Amino acid sequence: MNGPWDVRSDCTPDCAAHALPRVPAAHIARRGAAFARSVRRALTDGERMAEPGRLRTHARALLDALGIHVEGADSLTVGDGPGTLVVVNHISWLDILALLAVEPVTLLAKREVGGWPVVGGLARRAGTHFIDRTHPRRLPHTVREVSELLGAGRSVAVFPQATTWCTAEAGTFRRATFQAAIDAGAPVRPVTLGYTQQGLPSTVAAFCGEDTFAGSLRRVLAARALTVRVTAHPALTPWDGGLDRRELAALAARAALGGRPVTAATGSGAVTAARGSGAARPAAALRPAVPVPHAPSRDAPAHV
């Protein structure tokens, strides 16, 4: 545990499992070599790697080396004006690559991510803002920093669950960063990441509990037909109906975590956004900021 901001997940490395037979050893070796080459190219790009075009190219190359397809949304942000607060469920270290492969946005991540092999270096050079969760008094500063980024037109992606879970339906959303969107008058885009193998739900990409990067990478290298689907839900505009951060977090969680009843709680209060309950304003009452591009059907995936 790293401090009072920590969230304990029920998921452990035992949750991670292949939905299909593993690929042959020779295939694993080729993937590993290709991934190592892609990592070297990314890390030797220096400061230029932070350029959006280069960042997207490197993220796509890393996923391609691992044999991972990305399908679904081709955009995460909303129009002109303030940046978009992109709020995403959290399953794996691969989530970062998937987001950057779709649209390079500024990431907000826990400090520990900066020390992860491969992904940590990519995140640092991509301009990620890291949170030190051992110092909760810095929370107002972090919210203010995110608000300023949004106000300056930069979109920021956050993982409000504060830890990883093995599926897209688990966990809850902490609400602090939603205050940044309210303060900046910025739209909030809920996004769901889900992993499948030939259309079968898969937990092989999960990076949970005491799992190690090396152990997770070995599973991913051996995974057959692994796909990450990026679903961008209609944007929420907090200025419609005077939503507070609790309501906004609950609505975003309902969308990103699969439409189930969600309790978005931190501190002493909680709001339950259950279908049919009066605890929170229904998502249908919010005007989407702009239409979300329709994700292609599974019969015609947009592979990145």
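Up top is the structure these notes are about.
Small disclaimer: the values here were computed from a predicted structure and weren't measured.

Reading the values: rules and limits
Residues numbered from 1 in each chain as written. Predicted model: local features only at pLDDT ≥ 70, side-chain atom pairs only at ≥ 80, totals over all residues. Heavy atoms only, no water. Helix = DSSP H or I, 4+ residues; strand = E, 2+ residues; numbered from the N terminus. Buried < 20%, exposed > 50% of the residue type's maximum accessible area, 1.4 Å probe, protein only. Contact = heavy atoms within 4.5 Å. Areas by Shrake-Rupley, 256 points an atom, 1.4 Å probe, with all protein chains shown as cover. Phe/Tyr/Trp six-rings, centres within 6.5 Å; stacked < 30°, edge-to-face > 60°. Axes fitted to C-alpha atoms, helices over the stretch in contact; angles between N-to-C directions. Parallel < 35°, antiparallel > 145°, perpendicular 65-115°, else oblique. Left-handed = near helix turned anticlockwise from the far one by under 90°. Salt bridge = Lys/Arg side-chain N within 4 Å of Asp/Glu carboxyl O. Disulfide = S-S within 2.5 Å. Core = buried A, V, L, I, M, F, W, Y, C linked by side-chain atoms within 4.5 Å.

So, the overall build of the chain
- Across its full length, the chain holds 8 helices and 10 strands.
- Sorting the 304 residues of the chain into buried and exposed places 53% on the buried side.
- Considering only intrachain contacts with a sequence separation of at least 6, the fraction spanning at least 24 residues in the chain is 77%.
- For the chain, the computed accessible surface area is about 13200 Å², with 53% contributed by carbon and sulfur atoms.

Notes on the side chain of D95
- Inspection of the secondary structure puts D95 in helix 3 (residues 94-102).
- The contact partners of D95, leaving out residues within four places of it in the chain, are N89, H90, F159, L193 and Y195.

Section: the packing of aromatic side chains
- A full pass over the atoms with the stated rule returns 2 aromatic pairs.
- Measuring from centroid to centroid gives 4.7 Å for W93 and F213, while their planes differ by 55°, and the two rings are tilted. Of the two residues, W93 sits in the loop between strand 2 (85-88) and helix 3 while F213 sits in helix 7 (residues 213-222), which places them 120 residues apart along the sequence. Neither residue differs from the other here; W93 and F213 are each classed as buried.

A look at unusual backbone geometry
- One non-glycine residue, Q198, lies in positive phi territory at about 50°.
- Classification of Q198 as exposed rests on a relative accessible area of 59%.
- If you check the backbone angles, A225 has positive phi at about 55° while not being a glycine.
- Residue placement: A225 occurs in the loop between helix 7 and strand 8 (226-232).

Considerations on the packing of helix 5 (residues 139-151) against helix 6 (residues 176-184)
- In contact at an axis separation of 8 Å, helix 5 and helix 6 are set at 40° when each is read in the N-to-C sense. In terms of orientation, helix 5 lies oblique with respect to helix 6. For the pair helix 5 and helix 6, the sense of crossing is right-handed. Here L139, V143, V146, S147, L150 and G151 of helix 5 lie close against helix 6, whose contacting residues are A176, Q179, A180, A181, D183 and A184.

Structural notes on the pattern of salt bridges
- Within the structure shown, the criterion is met by 5 salt bridges.
- Put simply, E51 and R54 hold a salt bridge, and the shortest N to O gap is 3.3 Å.
- For E71, the salt bridge identified is with R229, shortest N-O distance 3.0 Å. Here E71, found in strand 1 (residues 69-72), pairs with R229, found in strand 8; they are 158 residues apart in sequence, far enough to count as distant.
- Residue classification places E71 among the buried positions, given a relative accessible area of 8%.
- A cluster of three or more residues bridged by salt bridges with shared partners is formed by D45, R48, E51 and R54.

Overview of the state of the cysteines
- The tally for this structure, following the rule as stated, stands at 0 disulfides.
- In this structure C208 is a free cysteine whose sulfur lies 4.6 Å from that of C11, the closest cysteine sulfur available.

Observations regarding the nonpolar core
- In terms of nonpolar packing, the biggest core is built from 61 residues, with L66, W93 and L94 touching the most fellow members.
- In terms of residues, this core owes the most to one element, helix 3, which gives 8 residues.
- Counting 27 residues, the second largest nonpolar core, distinct from the first, contains A176, F178, L236 and L257.

The analysis is restricted to geometry; functional conclusions fall outside its scope.
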